[in-house]
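If you want the building blocks of each chain, they are given just below.
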Amino acid sequence: MGNTNMTITQIKQTSTTPENQDFRYDWTAEEVLAIHDMPLMDLLFKAQTIHRQYHEDNTVQLASLLSIKTGACPEDCKYCPQSAHYAKKTGLKKEPLLPVAEVLEKAKLAKEHGASRFCMGAAWRHVKDGPQFDNVIEMVRGVTDMNMEACVTLGMINQDQADRLKDAGLKAYNHNLDTSPEFYEEIITTRTYQERLDTLDCVRKAGITICSGGIIGMGESTYDRARMLQILANLDPHPESVPINALVPVQGTPMGDKEPVEPIEMVRMMATTRIIMPKTRVRLSAGRTSFSKETQILCMLAGANSIFYGDKLLTTNNNDTNDDLALIKEAGLNVA
Ligand code: SAM
Ligand code: DTB
Ligand code: SF4
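Cut-offs applied
- Residues numbered from 1 in each chain as written.
- Chains lettered and ligands numbered in written order.
- Predicted model: local features only at pLDDT ≥ 70, side-chain atom pairs only at ≥ 80, totals over all residues.
- Heavy atoms only, no water.
- Buried < 20%, exposed > 50% of the residue type's maximum accessible area, 1.4 Å probe, protein only.
- Helix = DSSP H or I, 4+ residues; strand = E, 2+ residues; numbered from the N terminus.
- Pairing = 2+ DSSP bridges.
- Right-handed = clockwise from strand over helix to strand, strands pointing away.
- Core = buried A, V, L, I, M, F, W, Y, C linked by side-chain atoms within 4.5 Å.
- Near = heavy atom within 4 Å.
- Polar contact = N/O pair within 3.5 Å; in protein donor to acceptor, adjacent residues only side chain to side chain.
- Areas by Shrake-Rupley, 256 points an atom, 1.4 Å probe, with all protein chains shown as cover.
- 1 Å grid on protein atoms, 1.4 Å probe; cavity = no way out; pocket = protein on both sides within 12 Å on 5 of 7 lines; lining within 4 Å.
- Sits in = over half its atoms within 2 Å of the grid points.
- Nonpolar A, V, L, I, M, F, W, Y, C, P; charged D, E, K, R; others polar.

## Overview of the pairing of strand 2 (residues 117–122)
Successive residues of a regular strand alternate their side chains across the two faces of the sheet. Counted residue by residue, strand 2 has six buried out of six residues, so it is predominantly covered. Bridging between strand 1 (residues 59–69) and strand 2 involves six bridges; their strand directions are parallel. If you follow serine 67 over to strand 2, its bridge partner there is glycine 121. Strand direction decides the pairing type here: strand 2 and strand 3 (residues 149–153), joined by five bridges, are parallel. Within strand 3, the residue paired with arginine 117 across the bridge is glutamate 149. Taken together, strand 2, helix 6 (residues 131–145) and strand 3 constitute a β-α-β crossover, and its handedness is right-handed.

## Concerning the nonpolar core
Of all hydrophobic cores here, the largest spans 95 residues; its most connected members are Ile68, Tyr79, Leu154, Leu165, Tyr173 and Met266. At seven residues, helix 11 (residues 263–276) tops the list of elements feeding residues into this core. Of all hydrophobic cores here, the second largest spans eight residues; its members include Ala63, Cys151, Ala172 and Ala286.

## Let's talk about the site of ligand 1
Tyr79, Thr153, Asn176, Asp178 and Val248 are the nearest of the 17 residues found near ligand 1. Asparagine 176 is positioned with one of its side-chain polar atoms (N or O) 2.9 Å from an oxygen atom of ligand 1. Interatomic distance of 2.7 Å between a side-chain N/O atom of aspartate 178 and an oxygen atom of ligand 1. Burial of ligand 1 by the surrounding chains reaches 91%, relative to a free accessible area of 550 Å². In a pocket analysis with a 2 Å cut-off to the grid points, ligand 1 is assigned to the largest cavity. Along the lines of polarity and charge, the residues of the shell around ligand 1 split into 10 nonpolar, five polar and two charged.

In short, shape yes, function no, at least from these values alone.
Structural data, given as structure tokens:
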């Protein structure tokens, strides 16, 4: 990997402008895979070295998640407990859009508990104009007024809808690529990869930051993982936020029986993401409940600087908040 004897102080004195060679938008999947497959110690060293150049040391952002509209989604994403296609087997109950006041109350509590970002998710294929979207706009405005970063994930959106969200103060729109274009068809048949990229384009054109990542542990190869990261890293500018989820296998979905993700595979994903997208916030997202404290710390050493904080993700359990606070204290992290 070159320059292994350079000290961190020396590295910090190098240019941090996006013109320097840490920032590339022409990655090949083979190059990304080669980074991913590096000897683990070299990979961790390189990732942490880059991390310290572009991010505050010892810092983690806490983001809270809330499902504002749960279940009965017409899409067939094979990993997702909210898809109507698997509802009979998962038994997940459909719920209407939550009232604005209830959502804002949850956001206030999240802030009081230390979260600086509040993400609201709706099990929609795409956003429809009308009273429900108007309510989401109010939620975004309310969360922004609390001085929290508001993020939503609502499925596909058009330019007009993205512009309205921006006007309401939306900081970020989450829309994941989920996997490589080649493996994608085995996971989702009701929406194309290109449609996902088109939504990201509207988000960017509206001036909203992009939050886009994916899931590992669905049966994809490491090449598929590298391909997904390649496509994200070739967006110019890079997505401001990349969530990496380990599949939460939910009984009743077609992926309910998948083996848990090998912890070091998650660490390698974090490090690769950090190296090819130096300034991006890398989010250690779903699947943390299956990882030890030590694995999570390794993920952070590899460049992850955000976790979802709160008892629940959207419909599945998240780590106990006391355990998270203990981890943060033990590792000497500051909450951003
Ligand atoms: N319906 C919207 C969409 O698909 O864009 C927003 C909600 S959707 C639940 C948000 C993301 O959660 C998905 O893109 C997927 O990456 C992640 N996700 C869903 N179920 C998951 C699971 N069982 N394990 C890990 N990640 C999951
Ligand atoms: C993301 O990439 N992960 C979060 C957030 N974006 C919306 C969602 C994880 C969902 C895990 C399954 C569930 O709880 O339903
Ligand atoms: Fe619907 Fe999103 Fe779940 Fe796919 S991931 S089924 S679009 S809620």
